[in-house]
Amino acid sequence: MPTLEVKEPPVFNLPNQLTFGRLLLGIVLFVLIHFHEWYWSLAVFTLAAITDYFDGYFARKHNVVSTLGRNLDPLVDKVVICGAFIFLVAIKDSGLTPWMATVVVARELVITSLRSYLENQSVTFGAEFLGKIKMVLQCAVLIAVFACLAHEEYGWLTWVRDVVIHAMLAATALSGLQYLWRAFLIYRKA
């Protein structure tokens, strides 16, 4: 019986170009944070978040989902998000503390490693709904932090930022536990 060869889309397709662009935007973002350019940080991060949405949209719409894209897209997301949290911890009025950044980075490293291991074992281990909520809240936190730093005179923004930070931390921890539980159940069945 002949085997069917699955053809990979070209590496330099639009979704992968958007992903590479997001990585470059992340580097620009880190420089902007370092120089306390809050309006520009807000604009660059928002653009990066938009490219995250559109790379997946175009990959599905035009059927150009590739192995490179499936692996690179979440990795770039982690670099941009975790890098921004790490850079912002050093900023006095960011509202972020080292333990908060540690929760975010640790969850991302553990779950990414677990997902990679399981998928190498031919186990599908895609994103869960709570994981997607976590990503939206992480983006919302960064937008709120940049907005607060840009508009220190609006005290209500600080309250909004703090509420979103705590909601994000809860979603980050819960989604990490959800993935760990799922992995446990997979191995229990094996």
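Residues numbered from 1 in each chain as written. Predicted model: local features only at pLDDT ≥ 70, side-chain atom pairs only at ≥ 80, totals over all residues. Heavy atoms only, no water.

(A) Region of the structure containing the confidence of the model for the protein chain. Across the protein chain, pLDDT averages 90, with 95% of residues at or above 70. Between the elements of the protein chain, mean pLDDT differs from a low of 91, seen in helix H3 (residues 67-89), to a high of 96, seen in helix H1 (residues 14-34). (pLDDT = per-residue confidence, 0-100. Helix = DSSP H or I, 4+ residues; strand = E, 2+ residues; numbered from the N terminus.)

(B) Up close: the packing of aromatic side chains. Tallying each qualifying case throughout the model produces 10 aromatic pairs. Seen in terms of ring centroids, Phe54 and Phe58 are 5.7 Å apart; in terms of plane orientation they differ by 25°. Their pairing is stacked. With Phe54 and Phe58 both in helix H2 (residues 38-61), this residue pair falls 4 residues apart, about one helical turn. Classification of Phe54 by relative accessible area gives partly exposed; the value is 33%. Owing to a relative accessible area of 22%, Phe58 belongs among the partly exposed residues under this scheme. A network of ring pairs unites the aromatic residues Tyr53, Phe54, Tyr57 and Phe58 as a single cluster. (Phe/Tyr/Trp six-rings, centres within 6.5 Å; stacked < 30°, edge-to-face > 60°. Buried < 20%, exposed > 50% of the residue type's maximum accessible area, 1.4 Å probe, protein only.)

(C) Inspection of helix H4 (residues 98-120) at higher detail. In this model, H4 (23 residues) spans 33 Å end to end at C-alpha, consistent with the 33 Å of a helix rising 1.5 Å per residue. Buried within H4 are the following residues: Met100, Ala101, Val104, Val105, Arg107, Glu108, Ile111, Leu114, Arg115 and Leu118. Contacts from the buried residues of H4 go to H3, helix H5 (129-150) and helix H6 (155-189). Just downstream of H4, Ser122 is the residue with a positive phi angle, here 65°. (Expected span 1.5 Å × (residues − 1). Contact = heavy atoms within 4.5 Å.)

(D) Molecular detail of the nonpolar core. Residues Phe85 and Leu88 are the most contacted members of the largest nonpolar core, which totals 34 residues. Of all the elements in the fold, those that place two or more residues in this core are H1, H2, H3, H4, H5 and H6. Non-local contacts of Phe85, meaning those with residues more than four positions away in its chain, are made with Leu96, Ala101, Val104, Gln138, Val141, Leu142 and Met168. In terms of nonpolar packing, the next biggest core, distinct from the first, is built from 6 residues, Leu114, Phe125, Tyr179 and Ala183 among them. (Core = buried A, V, L, I, M, F, W, Y, C linked by side-chain atoms within 4.5 Å.)

(E) Structural detail: a nonpolar patch on the surface. Side chains of Val11, Phe12, Phe20 and Leu68 sit close together on the surface and give an oily, nonpolar patch of about 380 Å² of accessible area. Its place among the elements puts Val11 in the segment before H1. (Patch = residues over 30% accessible without salt bridge, like charges linked within 9 Å, V, L, I, M, F, W, Y side chains within 5 Å. Areas by Shrake-Rupley, 256 points an atom, 1.4 Å probe, with all protein chains shown as cover. Salt bridge = Lys/Arg side-chain N within 4 Å of Asp/Glu carboxyl O.)

(F) Inspection of the packing of H3 against H5 at higher detail. In contact at an axis separation of 11 Å, H3 and H5 are set at 40° when each is read in the N-to-C sense. For the pair H3 and H5, the crossing hand works out as left-handed. Facing H3, whose interface residues are Asp77, Lys78, Ile81, Ala84, Phe85 and Leu88, H5 presents Lys134, Met135, Gln138, Cys139, Val141, Leu142, Val145, Phe146 and Leu149. Of the residues contributing to the contact of H3 with H5, the split by class is 11 nonpolar, 1 polar and 3 charged. (Axes fitted to C-alpha atoms, helices over the stretch in contact; angles between N-to-C directions. Left-handed = near helix turned anticlockwise from the far one by under 90°. Nonpolar A, V, L, I, M, F, W, Y, C, P; charged D, E, K, R; others polar.)

(G) Examining the layout of surface pockets more closely. Here the largest pocket is characterised by a volume of approximately 1300 Å³. Forming the walls of the largest pocket are 37 residues, and the residues nearest its centre are Arg70, Asp73, Pro74, Asp77 and Ala127. Secondary structure elements with two or more residues in the lining of the largest pocket: H1, H2, H3, H4 and H5. With 9 residues, the top contributor of residues to the lining of the largest pocket is H3. Looking at the lining of the largest pocket residue by residue, the classes come out as 14 nonpolar, 11 polar and 12 charged. (1 Å grid on protein atoms, 1.4 Å probe; cavity = no way out; pocket = protein on both sides within 12 Å on 5 of 7 lines; lining within 4 Å. Points joined across faces, edges and corners; volume = space filled by probe spheres on them.)

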